[in-house]
Amino acid sequence: MVHFLHPGLLPRNIVPPDARKDALGCCVVQEEASPYSLVNICLNALVANLEKLCSKRPDGTLCLPEHWSFPQGIADRFVGVLTWQGKLTDRTASICQGNQMKLKLVNIQKAKISTAAFIKAFCHHKLIELDATAVHADLPIPDIISGLCSNNWIQQNLQCLLLDSTSVPQGSRLPSFGQLTGLRILSVFNVRFHTEDLANVSQLPRLESLDISNTLVTDISALLTCRDRLKSLTMHYLKCLAMSKPQILAVIRELKCLFHLDISDHRQLKSDLAFHLLQQKDILPNIVSLDISGGNWISDGAVERFIRQRPAMQFVGLLATDAGYSDFFTTEQGLRVAGGANMNQITEALSRYRNRSCFMKEALYRLFTETFSMQVTMPAILKLVAVGMRNHPLDLPVQFTASACALNLTRQGLARGMPVRLLSEVTCLLFKALKNFPHYQQLQKNCLLSLTNSRILVDVPFDRFDAAKFVMRWLCKHENPKMQTMAVSITSILALQLSPEQTVQLKEELFVAVKELLAIVKQKTTENLDDVTLLFALKALWNLTDESPAACKHFVENHGLTIFTQVLETFSESAIQSKVLGLLNNVAEVRELSSRLLSDDMVKHISSLLHSKEMEVSYFAAGIVAHLTSDSQTWLARDFQRSALLQDLHATIQNWPSSSCKMTALVTYRSFKAFFPLLGNFSQPEVQLWALWAMYHVCSKNPSKYCKMLVEEGGLQLLCDIQEHREANPQAQQIAASIIDDFRMHFMNYQRPPLC
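Just so it is clear, the structure is predicted and the values come from calculations on it, not from any experiment.

1. Brief notes about the packing of helix α25 (residues 532-544) against helix α28 (residues 574-588)
Stage number 1. The interhelical angle for the contact between α25 and α28, taken along N-to-C directions, is 20°, at an axis separation of 9 Å. What the angle tells us is that α25 and α28 run roughly parallel. Judged by the sense of rotation from one axis to the other, the crossing of α25 with α28 is left-handed. Taken together, the residues of α28 that come into contact with α25 (itself represented by Leu 534, Leu 535, Leu 538, Lys 539, Leu 541 and Trp 542) are Ile 576, Ser 578, Lys 579, Val 580, Gly 582, Leu 583 and Asn 586.
Stage number 2. For the contact of α25 with α28, the residue count by class is eight nonpolar, three polar and two charged.

Printed below as a string of structure tokens:
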């Protein structure tokens, strides 16, 4: 029932960035700290309750109530929320059948949906955009195109089609895109897309933007067909290209309408296409954006000359090159650079390359170097790190480097300026990485280090049950002393935040944690070393055993009572004594274990500490005595000793100051239930007095929590019974009346009025 509340772990005040120095960071703080829009809240509620709100067709798919109708914008966002939450399936997509929804901009990224469901749900709508990036193999590209072409309106009006990383069945080829005459934007990044397919696509009459990155195209000559209309060409990592450099440049030279060209590449391939491009003077006259990241032999001088000849340029990608370091790139007005020379370039790279793991890991590595001794809070950068982690969950270099960057960006003081919602997302992404890479120890260390941040541990929502399991497993790894101390410290705090039900569910982890913590306590006691690790281990055991009979049983079975007796004999510091006695209180509350505390040595120590000058030590010792003496059956043939303890308990309570006094250790209770048997013990007023004093103490410290707890758990009625009982101890009646008066003062408007 009693556990240790860490002093100093109070919510931190946010220190937002200065908008004059970091406008983007200030904007992110405002965005993350603001409530979600009402539309988003409603859509999330709708998605969460689909099964209740929708009816079912004979085939088990869902349909909306007949009178419901979604306007176009809301319908698009609804499908987006379904997709984002991973809930767009054949069963839920059927909601989009019929005319109750008006869809135009549809996002089905990574959805597991069949061809039949796709056609029924989406292909009768008047679609303008479709994002089918990385949809499940059950919906291959040929079926997507066939479904879209089944609607004449879509054929003529679909403007944007994104098919990145979407499958093409083995042995089959892509169908013709020719019927989609309205297409302006097409992306087939990382698709089995061949030169013949490029020839087919190049004939689309309105095509303006094309992404053929990481495809099987060997010859780009077909682009000459659309030279007069193509404005944006992305061919990052075109690894199968078989043309010579002069042939490639000859094609690019003819694409005079291009505003954007991306010929970035993996650095390892040592591509020199960009090097040769930069030497050309009569090429790309209208270019505004050029991405040559990853190119070989690229120098500051060559890039600067190229840009000066084209003063309209607004962006250049130079990440993973030798360029971007001269003063020109920091002084040129209106030019954005994605590179690694400074924080501005790194920020641009993280934003531009969020979907490219090869550049994301490069940008994160540069970020780690830049933030190693960071002293400024940068929420906008942390948000970009989170995007990279979310977009590449199975890429170990991205996850590992991102975890290290997140650690740099949230070191103790820096986390104070980070919005809670953003910290929550990053923490959840760290634990997702742990599950995806359970055997990568350095990633685990980064996660453990992030949990040492008091702001994250106290203020930030995340799955503390999973976190507790992870940290408790770390206790068994026998890492270096620093890592061990961190694991013990985090365990002591997380244990406080778990419900008794969650503690029970830990099972094996709980058993191992108690055993390892006791081993640490025994080692420190044997060495007579009262360091911070010992204190954290005692706190962790105290909190783990709070209202957890299973943990108390593990403690007793692993010789915990013997070890704690040795602790009391070795150390006389009140900080150690109070933690030991706090845990023994928890054991004393478990009826089947309390008799194990009646050894001569333990009773001697408890009886002695009952008279301690330190208030918290005396308080916890009194609690143990109250619980032990309340059951007379355990004292058969030892009634004289029990009577002496009760007399000592009564005398001690009389010598205590007011119940509202301060104690060094902050005591808090999950519930008052363990007090109730003591409150009803009218034959032993000493026991009753301790329980009342303890309840009055916490109620006076935190009335909003504990006065409410009195009502919800039925404790108020017991206090009324004491107040009215004819044979009750007058002092007990006085304290009970004081608690009731406090309740009335703080909860006069409470819905459930006092019972007396």
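2. Focus: the nonpolar core
One recurring pattern in soluble globular proteins: nonpolar side chains tend to sit buried together.
Stage number 1. Of all hydrophobic cores here, the largest spans 154 residues; its most connected members are Leu 367, Phe 555, Phe 564, Leu 584, Phe 672 and Trp 690.
Stage number 2. When near neighbours in sequence (up to four residues on either side) are disregarded, Leu 367 contacts Met 343, Ile 346, Leu 350, Ile 381, Val 385, Cys 405 and Leu 409.
Stage number 3. Leu 50, Ala 132, Leu 158 and Leu 261 belong to the second-largest nonpolar core, a separate cluster that totals 97 residues.

3. Description of the packing of aromatic side chains
Stage number 1. A full pass over the atoms with the stated rule returns 20 aromatic pairs.
Stage number 2. Here Phe 400 and Tyr 440 contribute two aromatic rings whose centre-to-centre distance is 5.5 Å and whose plane-to-plane angle is 70°, an arrangement assigned as edge-to-face. With Phe 400 in helix α17 (residues 396-409) and Tyr 440 in the loop between α18 (420-436) and α19 (441-451), the pair connects residues that are 40 residues apart, well separated along the chain.
Stage number 3. Owing to a relative accessible area of 25%, Phe 400 belongs among the partly exposed residues under this scheme.
Stage number 4. Ring centres of Tyr 669 and Phe 675 lie 5.2 Å apart, and the angle between their planes is 70°; on these two criteria the pair is classed as edge-to-face.
Stage number 5. For Tyr 669, a relative accessible area of 1% corresponds to the buried category.
Stage number 6. Taken together, the ring pairs in this structure connect Trp 542, Tyr 619, Phe 620, Trp 656, Tyr 669, Phe 672, Phe 675, Trp 690, Trp 693 and Tyr 706 into an aromatic cluster.
Stage number 7. In this structure, Arg 352 packs its charged tip against the face of Phe 315, placed 3.6 Å from the ring centre.

4. Some thoughts on the packing of helix α2 (residues 38-48) against helix α4 (residues 72-84)
Stage number 1. Where α2 meets α4, the axes come as close as 10 Å, and the angle between the chain directions of the two elements is 55°. On the basis of the axis angle, α2 is oblique to α4. Judged by the sense of rotation from one axis to the other, the crossing of α2 with α4 is right-handed. Residues Val 39, Asn 40, Leu 43, Asn 44, Leu 46 and Val 47 of α2 form the contact with α4, whose own contacting residues are Ile 74, Arg 77, Phe 78, Val 81 and Leu 82.
Stage number 2. When the residues that make up the contact of α2 with α4 are grouped by side-chain class, the tally is eight nonpolar, two polar and one charged.

5. Some remarks on the confidence of the model for the protein chain
Stage number 1. Scored by pLDDT, the protein chain comes out at a mean of 91, with 94% of its residues at no less than 70.
Stage number 2. Below pLDDT 50 for its whole length, residues 1-14 participates in 62 contacts with residues either more than four positions away or in separate chains.
Stage number 3. Every residue in residues 749-756 scores below 50 in pLDDT, and together they form 17 contacts with partners more than four places removed in sequence or on other chains.

6. Describing the UniProt feature "domain: Zer-1-like leucine-rich repeats region" (unreviewed entry) in the protein chain
Stage number 1. UniProt annotation of "domain: Zer-1-like leucine-rich repeats region" (unreviewed entry) refers to residues 202-302 when read in the numbering used here.
Stage number 2. Between the end C-alpha atoms of residues 202-302 there is a gap of 32 Å, over a span that is 19% helix and 12% strand.

About the cut-offs
- Residues numbered from 1 in each chain as written.
- Predicted model: local features only at pLDDT ≥ 70, side-chain atom pairs only at ≥ 80, totals over all residues.
- Heavy atoms only, no water.
- Axes fitted to C-alpha atoms, helices over the stretch in contact; angles between N-to-C directions.
- Helix = DSSP H or I, 4+ residues; strand = E, 2+ residues; numbered from the N terminus.
- Parallel < 35°, antiparallel > 145°, perpendicular 65-115°, else oblique.
- Left-handed = near helix turned anticlockwise from the far one by under 90°.
- Contact = heavy atoms within 4.5 Å.
- Nonpolar A, V, L, I, M, F, W, Y, C, P; charged D, E, K, R; others polar.
- Core = buried A, V, L, I, M, F, W, Y, C linked by side-chain atoms within 4.5 Å.
- Buried < 20%, exposed > 50% of the residue type's maximum accessible area, 1.4 Å probe, protein only.
- Phe/Tyr/Trp six-rings, centres within 6.5 Å; stacked < 30°, edge-to-face > 60°.
- Lys NZ or Arg CZ within 6 Å of the ring centre and 35° of its normal.
- pLDDT = per-residue confidence, 0-100.
- UniProt positions renumbered as here; feature names shortened; annotations may be inferred.

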